[in-house]
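Chains, contacts and geometry: an overview
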Amino acid sequence: INIYSVAGRLVKSIDTDLTDSPIGTVRWDGRDKEGDRLANGTYLYRITATNGRKSTHQLGKLAVIR
């Protein structure tokens, strides 16, 4: 999972194996790659799932509100 600012800057990359997760849940503490909390606002995410040689992608928006 890659999380980007609306300007397109990569703020966080989460690499996880969901084979042991019951429904594909990923926990994230809302911090960027330097460990700082993200500011309130809109961010974009891109999920890439790979199964052998086949990959699929999902794009979306998320909001950080504290």
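Residues numbered from 1 in each chain as written. Predicted model: local features only at pLDDT ≥ 70, side-chain atom pairs only at ≥ 80, totals over all residues. Heavy atoms only, no water.

Remarks on the pattern of salt bridges
Let me state the cut-off plainly: A side-chain nitrogen of Lys or Arg and a carboxyl oxygen of Asp or Glu constitute a salt bridge if their distance falls within 4 Å.
Throughout the structure, instances matching the rule amount to 1 salt bridge. Salt-bridge contacts for Arg 31 lead to Asp 29; the nearest nitrogen and oxygen are separated by 3.8 Å.

Some words on the side chain of Asp 32
What counts is decided by this rule: Elements are defined by DSSP. Helices are runs of H or I of four residues or more, strands are runs of E of two residues or more, and each kind is numbered from the N terminus. Note on exposure labels: buried denotes an accessible area under 20% of the residue type's maximum, exposed denotes more than 50%, and partly exposed covers the range between, all computed with a 1.4 Å probe on protein chains only. Positive: Lys, Arg. Negative: Asp, Glu. His and the chain ends are not part of the count. We call two residues contacting when some pair of their heavy atoms lies within 4.5 Å.
Structurally, Asp 32 can be placed in the loop between strand S2 (10–13) and strand S3 (41–51). Buried charge without a salt bridge: Asp 32, with Arg 9 as the nearest opposite-charge side chain at an N-O distance of 5.5 Å. Leaving out residues up to four positions away in the same chain, Asp 32 has contacts with Val 11, Lys 12 and Leu 38.

Some words on the environment of Ala 49
Secondary-structure assignment places Ala 49 in strand S3. Sequence separation between Ala 49 and Ile 1 is 48 residues; the distance between their C-alpha atoms is 8.7 Å. When near neighbours in sequence (up to four residues on either side) are disregarded, Ala 49 contacts Lys 54, Ser 55 and Thr 56.

Note that all results are geometric; they support no functional claim without further evidence.
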